[in-house]
Amino acid sequence: MEAAASAASDVFDAIVMAEERFHGEGYQEGYAEGSHVGVIEGRRYGALHGAKIGSEIGYYLGFAMTWQHLLHRSAEEKPSKKIKALESLIGMIQKYPYEDPTYDKLHEDLEKIRGKFKQVCSLLNIQSDFRINPERSALTF
């Protein structure tokens, strides 16, 4: 009788232990799959966000260099406040750390560039958002 009770106890223990084992294995598999998917999603998000920032900064640089060229052609002897602001914007963009995503002041420097761009637009007396019509904007940052 003791052997039968011991065998029944072993069966129940095996069932309980199997549930715990499968729970642990399922957790480990889910964690590994989630980590893998998270890395892929993070990489995709980072590439998209990086491309947006690169487009924005490239736009600012092209804008500043074009206006600098136009103002130098019609400038007087001494550099104007507009030219100095454009040169400052160009310098900030050229110092921006494109290759180092771990730079701790990346977003802070980007906000400074955006602020300088708005200042330059104000000095040049042009809108900084370049909206063509209210429903559709050509370039907004």
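Above this note sits the structure.
Overview of the structure. (Residues numbered from 1 in each chain as written. Predicted model: local features only at pLDDT ≥ 70, side-chain atom pairs only at ≥ 80, totals over all residues. Heavy atoms only, no water.)

**So, the layout of surface pockets**
- The space that makes up the largest pocket amounts to roughly 280 Å³.
- The greatest single-element share of the lining of the largest pocket, amounting to seven residues, is contributed by helix α1 (residues 2-73).
- Broken down by class, the residue content of the lining of the largest pocket amounts to eight nonpolar, four polar and two charged. (1 Å grid on protein atoms, 1.4 Å probe; cavity = no way out; pocket = protein on both sides within 12 Å on 5 of 7 lines; lining within 4 Å. Points joined across faces, edges and corners; volume = space filled by probe spheres on them. Helix = DSSP H or I, 4+ residues; strand = E, 2+ residues; numbered from the N terminus. Nonpolar A, V, L, I, M, F, W, Y, C, P; charged D, E, K, R; others polar.)

**Focus on helix α3 (residues 106-124)**
- Helix length check: α3, at 19 residues, gives a terminal C-alpha distance of 27 Å against a target of 27 Å (1.5 Å per residue), a fit within 8%.
- Buried within α3 are the following residues: L106, D109, L110, I113, K116, F117, V120, C121 and L124. An end-on view of α3 places all buried positions within 140° of arc, on one side of the element. The exposed set on the far side of α3, more than 90 degrees from its buried face, consists of K118 and S122.
- Where α3 terminates, the next one or two residues include N125, which has phi positive at roughly 60°. (Expected span 1.5 Å × (residues − 1). Buried < 20%, exposed > 50% of the residue type's maximum accessible area, 1.4 Å probe, protein only. Arc of directions from axis to C-beta.)

**Some remarks on unusual backbone geometry**
- A positive phi is found at N125, a non-glycine position, where the angle reads about 60°.
- Inspection of the secondary structure puts N125 in the segment after α3.

**Describing the nonpolar core**
- Within the largest apolar cluster, 20 residues are counted, with the highest numbers of intra-cluster contacts made by L89, Y96 and V120.
- Of all the elements in the fold, those that place two or more residues in this core are α1, α2 (81-95) and α3.
- Examining the composition of this core, we find that seven residues originate from one element, α3, more than from any other.
- L89 has contacts with Y60, A64, I113, K116, F117 and V120, leaving out every residue within four places of it along the chain. (Core = buried A, V, L, I, M, F, W, Y, C linked by side-chain atoms within 4.5 Å. Contact = heavy atoms within 4.5 Å.)

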